[in-house]
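# Breakdown of the fold
Residue strings, one per chain:
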Amino acid sequence: MKIARIEHLGIAVQSIEDALPFFKDVLGLEVYKTEVVEDQKVKTAFLKVGEVKLELLEPTSPDSTVQKYLDKGGRGVHHVAFKVTDGVTEALAECDAKGIRLIDKAPRKGAENLNIAFLHPKSTCGILTELCEE
Ligand code: CMX
């Protein structure tokens with residue numbers, strides 16, 4: 001597999017509104033887009049740090065996986081998204097062959113219209129890992 005770069009870091013917050021003063025007023029970053037991802041039950045806000053994005057993730061429902069993560073005491077970086085150069089389908093096949101537990105067996109559409117797929121943190125050193133391509 002070839003990784004081009006980190007595409008974004010997903011950051012779990014209970015409230016984007018409450019989190020923004022740190023990112024905007026302290027770090028001086030700007031939100032360039034907000035988007036609700038219905039099937040993931042999250043509202044997102046995107047900020048750019050050079051080529052890398054930060055994706056703030058706010059749960060929109062009590063049964064959102066992000067709400068579950070927050071309820072269990074999870075904070076801060078929720079997932080790391082890598083941009084692959086050889087296609088998410090191919091990357092998933094390689095991960096599967098190497099015994100990595102797949103959350104998504106095939107790519108699906110995520111925020112920012114990316115093709116995405118998640119790998120389970122239990123087989124990725126505890127880091128919820130997203131593979132993505134434009
Ligand atoms: N990072 C690291 N570990 C995590 C984790 C995370 N973000 N979320 C859960 N885990 C761990 C849990 O702590 C738990 O570990 P223990 O068994 O040691 O307690 C284990 O994974 C299983 O967790 P769980 O709570 O029983 O399982 P969930 O039902 O919460 O599912 C996961 C976990 C990763 C499979 C689920 O969150 C998932 O499918 N994630 C992919 C989709 C997603 O995250 N969508 C939101 C973002 C969408 C977007 O970016 O647009």
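Please refer to the structure placed before this passage.
All of the points below concern the structure found in this document. Predicted model only: the values in this text are computed from it and were never measured.

About the thresholds
Residues numbered from 1 in each chain as written. Predicted model: local features only at pLDDT ≥ 70, side-chain atom pairs only at ≥ 80, totals over all residues. Heavy atoms only, no water. Pairing = 2+ DSSP bridges. Helix = DSSP H or I, 4+ residues; strand = E, 2+ residues; numbered from the N terminus. Salt bridge = Lys/Arg side-chain N within 4 Å of Asp/Glu carboxyl O. Buried < 20%, exposed > 50% of the residue type's maximum accessible area, 1.4 Å probe, protein only.

### Side note on the sheet that holds strand E8 (residues 129-133)
Across the sheet, 8 strands lie side by side as E2-E3-E4-E1-E5-E8-E7-E6; this open sheet has mixed pairing. Unpaired on one side and paired on the other, strand E2 (31-37) and strand E6 (108-109) mark the two borders of the sheet. Two strands pair when backbone bridges link them, and E6 and strand E7 (residues 115-119) are joined in this way by 2 bridges, in the antiparallel orientation. Of the residues in E7, the one forming a bridge with lysine 109 is asparagine 115.

### Focus on the pattern of salt bridges
Under the criterion given, the structure shown has 9 salt bridges. Between glutamate 112 and lysine 33 there is a salt bridge, and its shortest N-O distance comes to 3.1 Å. Taken together, the residues span a long stretch of sequence, with glutamate 112 in the loop between E6 and E7 and lysine 33 in strand E2 at a distance of 79 residues. Given a relative accessible area of 18%, glutamate 112 falls into the buried group. Residue classification places lysine 33 among the partly exposed residues on the basis of a relative accessible area of 29%. Between lysine 83 and glutamate 134 there is a salt bridge whose closest N-O contact spans 3.5 Å. In this pair, lysine 83 sits in strand E5 (residues 76-84) while glutamate 134 sits in the segment after E8, placing the two residues 51 residues apart along the sequence. Assessed through its relative accessible area of 62%, glutamate 134 is described here as exposed.

Read these as geometric descriptors, not functional statements.
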